[in-house]
Amino acid sequence: MAFEQVNTTVLSINDVSTSFRDNSSSFGYFVSDDNPAQISRVNLNTFAETATLTLSIATPNTSFIDNASSFAYIASDGGQTRISRVNLNTFAETSTITLNTTLNTAYSSFRDNSSSFGYIVGQRAGGNIITRVNLNTFAETSTLRLRILSIPFSSMIDSTSSNAYVTSAGDPGRLSQVNLSTFTETSTLVLSIIAPRHAFIDTNSEFIYVTDDSTTSTMSRIRLSNFSESGTVQLSISSPYTSKVDSTSSFAYLASQDSPSILLKIFLPAFQTSSIPVSTLPSDPTFPSATFPTSVLFPTPSVTAFETGSITISANLPLTSLIDGASSFTYFDSNASPEIISKVQID
């Protein structure tokens, strides 16, 4: 089978900003950045929109799904952040809550499958905030102010531990480690890249990969076992804002912020080590708790082995994506009105 775009479909909603996949069914869900927001339900087997739902919240940036209960949670953007709870079995909005902490923007979110909690990561004056929500009672339980100050575009959870990670798009970029059991920030790592925009964790929870927002994006790899940066590589695409890792293989797929977008296929194990020195970063008296690399030997992976293919897809400036690893397809939005979804065969 080939690595190629196989189809597109036009939705009845505009400007998709976030999406999620229901692993218990054949449906994917795409959420519009509208006021009010709308959700489009797409049957991934037939690649057809089957229904839409109008929510009572506005302009969401982030969402997550609780596969155990078939509920999805979508967070509004700006001002007093509201979270919409949607029953995917009935495809109906069942309730909303308003967070006690005012966020300028809710940038990202994640679900802790080992507990009953979901987390919303946002920014407000004076710092970044993680809000913990009990999904059983659908109530905000606590908040944590992070030491990282710049925009937290990405967050993720290590499913093999109780740790979560949040990026900070500063100069230099930083990565914060949060222990969810104690709900405390335990460490921060200063990266060798500037303005991290996107990040993902591999399926073995061994590494996090962080990309910057530039015309030729640089990828940084962070080893989770000792929370250290273990390498960087320059990619052949610009500013990926979305990616997906195939849990059935060792490949990841990153979509560039281009029009049309370039979809890059990378083989994660090819990020191999050959030592070269890198410049020492200066100390930061305003951030004394940060971990800075001082004398680091970074790997220089073979781009030929690492980047195994790239294709041009119909999506323009994609912000979000889905993957259906079982059937070997990924789906990317076009940030358009009306919204166009590209379907790509990945294996």
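Residues numbered from 1 in each chain as written. Predicted model: local features only at pLDDT ≥ 70, side-chain atom pairs only at ≥ 80, totals over all residues. Heavy atoms only, no water.

(A) Representation of the packing of aromatic side chains. Taken as a whole and assessed by the stated rule, the structure comprises 17 aromatic pairs. Ring geometry for Phe200 and Tyr209: centres 5.3 Å apart, planes at 15°, overall stacked. A single burial state applies to Phe200 and to Tyr209, both of which are buried. By the ring-pair criterion, three or more aromatic residues cluster together here, those being Phe200, Phe207, Tyr209, Phe271 and Phe306. In this structure, Arg85 packs its charged tip against the face of Phe71, placed 4.4 Å from the ring centre. Above the face of the Phe117 ring, Arg132 is positioned so that its terminal group lies 4.7 Å from the ring centre. (Phe/Tyr/Trp six-rings, centres within 6.5 Å; stacked < 30°, edge-to-face > 60°. Buried < 20%, exposed > 50% of the residue type's maximum accessible area, 1.4 Å probe, protein only. Lys NZ or Arg CZ within 6 Å of the ring centre and 35° of its normal.)

(B) Spotlight on the pattern of salt bridges. Per the stated rule, a full pass over the model turns up 4 salt bridges. For Arg21, the salt bridge identified is with Asp324, shortest N-O distance 3.3 Å. Highlighted residues: Arg21 in strand E2 (residues 16-21) and Asp324 in strand E29 (residues 321-324), separated in sequence by 303 residues. Take Asp324: its relative accessible area is 9%, and that puts it in the buried class. In this structure, Arg223 engages Glu206 in a salt bridge whose closest nitrogen and oxygen atoms are separated by 3.8 Å. Residue Arg223 is located in strand E20 (residues 218-223), and its partner Glu206 is located in the loop between strand E18 (196-201) and strand E19 (207-212); the two are separated by 17 residues in the primary sequence. You can call Arg223 partly exposed: its relative accessible area is 28%. Since its relative accessible area comes to 37%, Glu206 is described here as partly exposed. (Salt bridge = Lys/Arg side-chain N within 4 Å of Asp/Glu carboxyl O. Helix = DSSP H or I, 4+ residues; strand = E, 2+ residues; numbered from the N terminus.)

As far as function goes, none of this settles anything; it's purely spatial.
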